[in-house]
Amino acid sequence: MVILGNNQKGRVRMRRTEPIIRMDILESLAFNGPLKITHITSKAKINFKKLGNFLDNLIADGLVKEKEVDQDNVVYLITTKGFRAFRDSKKQSCTVSFL
């Protein structure tokens with residue numbers, strides 16, 4: 001679902017809902033493998049600060065895992081549970097679009 005609103009110039013602006021943002025993050029990890037946080041921001045098209053909150057929630061839900069590569073680098077990867085959630089949401093959205 002996309003929320004529509006008007007910006008200061010009177011143009012229609014679309015905002016993604018939280019479930020869609022979560023699925024965009026899972027999709028970027030599912031198709032691109034383990035990613036650094038900066039790569040997730042560009043692939044999922046989300047602000048760095050907002051991404052931190054979403055990643056914390058996805059990790060708490062067991063959908064994403066944080067892995068330390070070396071002392072200074074951390075990557076994020078999708079778990080089996082996360083991949084299933086992503087796959088099931090895609091199936092559900094395809095079913096809805098055909099109705």
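Note that the coordinates shown come from a computational prediction; the quantities given were computed from them, not determined experimentally. (Residues numbered from 1 in each chain as written. Predicted model: local features only at pLDDT ≥ 70, side-chain atom pairs only at ≥ 80, totals over all residues. Heavy atoms only, no water.)

(A) The packing of helix α1 (residues 18-32) against helix α2 (residues 37-44), seen in detail. Relative orientation of the contacting elements α1 and α2 amounts to 115°, with a least axis distance of 9 Å. The orientation of α1 relative to α2 falls into the category roughly perpendicular. Two packed elements cross with a definite hand, and for α1 against α2 that hand is right-handed. Across the interface between the two elements, Asp 24, Ile 25, Ser 28, Leu 29 and Asn 32 from α1 touch Ile 40, Lys 43 and Ala 44 from α2. For the contact of α1 with α2, a count of residues per class yields 4 nonpolar, 2 polar and 2 charged. (Axes fitted to C-alpha atoms, helices over the stretch in contact; angles between N-to-C directions. Helix = DSSP H or I, 4+ residues; strand = E, 2+ residues; numbered from the N terminus. Parallel < 35°, antiparallel > 145°, perpendicular 65-115°, else oblique. Left-handed = near helix turned anticlockwise from the far one by under 90°. Contact = heavy atoms within 4.5 Å. Nonpolar A, V, L, I, M, F, W, Y, C, P; charged D, E, K, R; others polar.)

(B) A look at α2. Taken together, the buried positions of α2 are occupied by Ile 40, Thr 41 and Ala 44. Buried residues of α2, viewed axially, fall in a sector of 105°; they line one side. Just beyond α2, the residue with positive phi is Lys 45, at close to 55°. (Buried < 20%, exposed > 50% of the residue type's maximum accessible area, 1.4 Å probe, protein only. Arc of directions from axis to C-beta.)

(C) Seen up close, a negative patch on the surface. Residues Asp 56, Glu 66, Glu 68, Asp 70 and Asp 72 make up a contiguous surface patch of negative charge. By the element assignment, Glu 66 lies in strand β3 (residues 64-68). (Patch = residues over 30% accessible without salt bridge, like charges linked within 9 Å, V, L, I, M, F, W, Y side chains within 5 Å. Areas by Shrake-Rupley, 256 points an atom, 1.4 Å probe, with all protein chains shown as cover. Salt bridge = Lys/Arg side-chain N within 4 Å of Asp/Glu carboxyl O. Lys, Arg positive; Asp, Glu negative; His and termini not counted. Charge placed at Lys NZ, Arg CZ, Asp CG, Glu CD.)

(D) Inspection of the pattern of salt bridges at higher detail. Going through the model one piece at a time under the given rule, you end up with 3 salt bridges. Asp 24 serves as the salt-bridge partner of Arg 16, at 2.6 Å between the closest nitrogen and oxygen. With a relative accessible area of 29%, Arg 16 lands in the partly exposed category. With a closest N to O distance of 3.6 Å, Arg 87 and Asp 88 form a salt bridge. Since its relative accessible area comes to 36%, Arg 87 is described here as partly exposed. By relative accessible area, Asp 88 is classed as partly exposed at 40%.

(E) Focus on the nonpolar core. Grouped together as the largest cluster of nonpolar side chains are 18 residues, with contacts concentrated most on Ile 25, Leu 26, Leu 29, Ile 40, Ile 46, Leu 55 and Val 64. If you tally residues by element for this core, the top one is α1, at 5 residues. In this view, Ile 25 contacts Ile 40, Ala 44, Ile 46, Leu 51, Phe 54, Leu 55 and Leu 58; residues no more than four positions away in its chain are not counted. (Core = buried A, V, L, I, M, F, W, Y, C linked by side-chain atoms within 4.5 Å.)

(F) View of the pairing of strand β4 (residues 74-78). Here 5 bridges tie β3 to β4, and the two strands are oriented antiparallel to one another. Counterpart to Glu 66 in the pairing with β4 is Tyr 76. A loop of 5 residues connects β3 with β4, the two strands running antiparallel in sequence. (Pairing = 2+ DSSP bridges.)

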